[in-house]
Amino acid sequence: MNLLPGVFNYLVVVFLMMAGFYVVIAHGNLVKKLVGLGLFQASVFILYITMGNLAGGQAPIVAEDLTLYSSPLPHVLILTAIVVGVATTAVGLALVVRIHEAYGSVEEDEIHAKDLADDMPMQQPDPADKAGDGE
Amino acid sequence: MSLWDHLPVLVVIVPLLAGPMCVLVERPRAAWGVALVAAWLSFAIAAALAVQVVDTGTISYELGGWAPPWGIEYRIDTLGSYVLLIVTAIPALVLVAAKRSVVHEIPEELIARFYGAFMLAFAGLAGIVATGDAFNVFVFLEISSLASYALISMGRDRRALTSAFEYLVMGTIGATFILIGIGFLYMMTGTLNMQDLAERLPAVLDTNTVRAGFAFLTVGIGLKLAMFPLHLWLPNAYTYAPSVVTAFLAATATKVAVYALLRFLFGVFGFEFALREMPLDDILMILGLAGILTASLVAVFQEDIKRMLAYSSVAQIGYMVLGISLASPTGVIAATLHVFNHALMKGVLFLALGAVVYRIGGVSLRDFAGLGRRMPWTMAAIVLGGLSLIGVPPTAGFITKWYLVLGTLEQGLWPVALLILLGSLMAVVYVWKLVEAAYFEPVPEGAAKVREAPWSMLLPIWLLVGANIYFGIHTEVTVGMATQAANELMGLRP
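This structure is a prediction, so every number in the text was calculated from the model and none was measured.

J.: Can you tell me about the side chain of Lys255(B), naming the residues and giving the values?
T.: Residues and elements named next belong to chain B. Within the element layout of this structure, Lys-255 appears in helix α10 (residues 243-269). Buried within the structure, Lys-255 lacks any salt-bridge partner; Asp-304 is the closest side chain of opposite charge, at an N-O distance of 18 Å. Polar contacts involving the side chain of Lys-255 include one to the main-chain carbonyl oxygen of Ala-250, which spans 3.0 Å. Those residues in contact with Lys-255 that lie beyond four places of it in its chain are Ala-250, Met-320, Val-339, His-342 and Ala-343.

J.: So what's going on with the interface of chain A and chain B? Which residues, and what values?
T.: Each side of the interface is counted separately: chain A has 40 residues, and chain B has 31 residues. Of the roughly 3,300 Å² buried where chain A meets chain B, counting both sides, 74% is carbon and sulfur surface. Counting across the interface, chain A meets chain B through one salt bridge. Only α1 (4-26), α2 (30-52), α3 (73-103), α4 (108-123) and α5 (126-133) of chain A provide two or more residues apiece to the side of chain A that touches chain B. Here the side of chain A that touches chain B gets 16 residues from one element, more than from any other, and that element is α3(A).

J.: Give a detailed account of helix α8 (residues 208-225) of chain B, specifying residues and quantitative values.
T.: With 18 residues, α8(B) ought to run about 26 Å at 1.5 Å a step, and its terminal C-alpha atoms sit 25 Å apart, in line with that. With its phi angle positive at about 60 degrees, Ala226(B) sits one or two positions after the end of α8(B).

J.: Please give an account of the pairing of strand β1 (residues 59-62) of chain B that cites residues and values.
T.: Residue and element names in this part refer to chain B. Across the two faces of β1 the burial differs, with Ile-59 and Tyr-61 buried and Ser-60 and Glu-62 not buried at all. As paired elements, β1 and strand β2 (residues 73-76) share four bridges and run antiparallel to each other. Residue pairing for β2: Ile-59 is matched across the bridge by Ile-76.

Conventions adopted
- Residues numbered from 1 in each chain as written.
- Chains lettered and ligands numbered in written order.
- Predicted model: local features only at pLDDT ≥ 70, side-chain atom pairs only at ≥ 80, totals over all residues.
- Heavy atoms only, no water.
- Helix = DSSP H or I, 4+ residues; strand = E, 2+ residues; numbered from the N terminus.
- Buried < 20%, exposed > 50% of the residue type's maximum accessible area, 1.4 Å probe, protein only.
- Lys, Arg positive; Asp, Glu negative; His and termini not counted.
- Salt bridge = Lys/Arg side-chain N within 4 Å of Asp/Glu carboxyl O.
- Polar contact = N/O pair within 3.5 Å; in protein donor to acceptor, adjacent residues only side chain to side chain.
- Contact = heavy atoms within 4.5 Å.
- Buried area = accessible area lost by both parts, 1.4 Å probe.
- Expected span 1.5 Å × (residues − 1).
- Pairing = 2+ DSSP bridges.

Right under this line is the structure:
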C-alpha cells in the first residue's frame, strides 16, 4: 500500500495528459481546444510536484529536528510554468475573440469553409478582387 | 564588477526592457526609435561578446551572484556567441526597414504594442542562446513564442488569426514536451544546469526515464524547429504574418531552435548517446531528406511567393537537421554554418518581399510580372538572395552546401549527397519561376506606376545581400567560428 500513492499520481498525470491531448486533437471548437491544452499543461504541473515529494517529507522550513523534507525546487519551477500556462491561455482566448469577430464562428470547420469561399473568387476575376484587398 | 562583465545578461535585458518601454512611449515613431536603439545596442553587445569569446574562451556569468549549479548560469561559448551574433543582427536590420513597412501594414494604434511584442520575442530568442540553464530555456522559449503568436496575429488577412492560433496550439504542445523532458532529466540528476547535467547524466544514461526525457525533448524542439513532419504550423504563420515579422521570425526563431537542438543533443546528452546509442541519427537523416525533398517540391507549385519561401524554409531546416544527423565535425560545421547563412538569405528574401508588398500591395506570382523593370533594385536583391538559397558560388549558401556534401561523402553516403543536389535543383526551379515572371513577362497593362522601394528598406536588404556575398568569399570568420563550435560540441565528451 505504501507504494501506491507515488504511482497513483503518475497514473493521474498520464491520464490527464492524454485526455487533454485528445481534446486538442479531436475537438473542432477553438475554446475546447484551449481547455484541452490547459489540461495537458496541468498534468505536467502535477508531474513536477509529485517528483519533488518525499515519503514522510515535510515542508522545507528551517526548524529544529527537521531532517526529511520535500524538495522545494520543483514547486518554484512549476510556479513559473503556471504563469506561462496562464499567459498562453490568455493569448489563446484573445485570439479566439478576434477570430470570432473576424469569422463569426469559433468552429474549425466553419472557419475553413469560409477561407475556402474566400479563395474561390480570387482565382477568376483578378483585377477586381485585387483592387479590393490591395491598398 | 564593471558593466563590461555583465554583457552576457545585458544582451537579454536590453531588449527585454525595451519591450515595455515601447508600449509606454505610445507614439509610433518613438516606439520605433526605442526598439531600434535597443536592437543595435544588443547587436553591439553580441559583437563584443563574440570578440571576447574568440580571445579568451567560454564566458560564464553568475546571475545574481549565485554560483552554478545552485544559481542560474549564463554561458556563452563559441556556438552561443556565433548564434547570438546573427540573432541580434537580423532584428537590428529588420527594424530599419520596419519603420515604413509597419506604418503601411499595421493600424496606427497598434504600432507601439507591435514593437513591444517584437522586442519581447527578440529578448526571448537571445535568452535561449545566452542561458546555460535547462529550465531557463523553457521560460525564454515561451516568452519568445507568446510574443510571436501576437506578432503573427497582426497580419492584415484574417487568416493571420487562425494561423497564429494553430501555431499557439502546436507551439504550446512543443514547449510542454520540452518541459516534460527537462522534468525527467531533473528527476534523474537533481540539477538543471546544462554543464552539471552533462556531468551527471552518463551515470544514469541507461534508464528508461532518461530515454523518455530524451524523446520528449527531441520531439518538443522538433516542433519548435518545424522539422518535417512537425512543420505544419510554419507555412501559414509565415504567409499571413506582417512582412517584417516574417523576415524576423524566418531568420531567427527556427535558427534558435536548431541551436537548442544542438545544445541538448551534443552539449547535454553527448552525441555518443544521442546519435549513436539512440537511433536518432537515422531518424534525423530520413526526416531531413524527406523535409528537403517534399517541401522543395511543394514550394515549386506555390503561387503566393511568401508561402513558397516558407516551404523553402522547411526545406532549408532539413539541410540543418541533415548536418546534425551526420554526427561528424563536418556535419556539425555545415549545420551551424547554415544557421548563420540561411538567416542571411531568408532575411534578404523576406525583407525584399516586404518592399514589394509596400509598393505593389501583394506578393502572388501575378504581382511579380515585369517587376524587374518596375523595382530593379529590390528585384536584383531577390535574385541574389535566391542564388544564395540555391547555393551558387560565390554566395554564402554555397559554403554550407559544400560542407554538407563534404560531410556526407566523408561517410561514403553518396546517395544522400545526390539527394542534396536534387534539393538544390528544385530550388533553382522555384527561384527561376520568380526570375521569369520579373524579367521576361511584360508589366501588366493598366498597372499603376510604382517607384522603387524607399531607401530605408533598400539599405538593410542590400546590407544583407552584401553579407551573403562577403561570407561566401571571406569564410575565415564564419567557418572558423563554426569549426571551433563543432570541436567544442563534439569534444565535450569524447
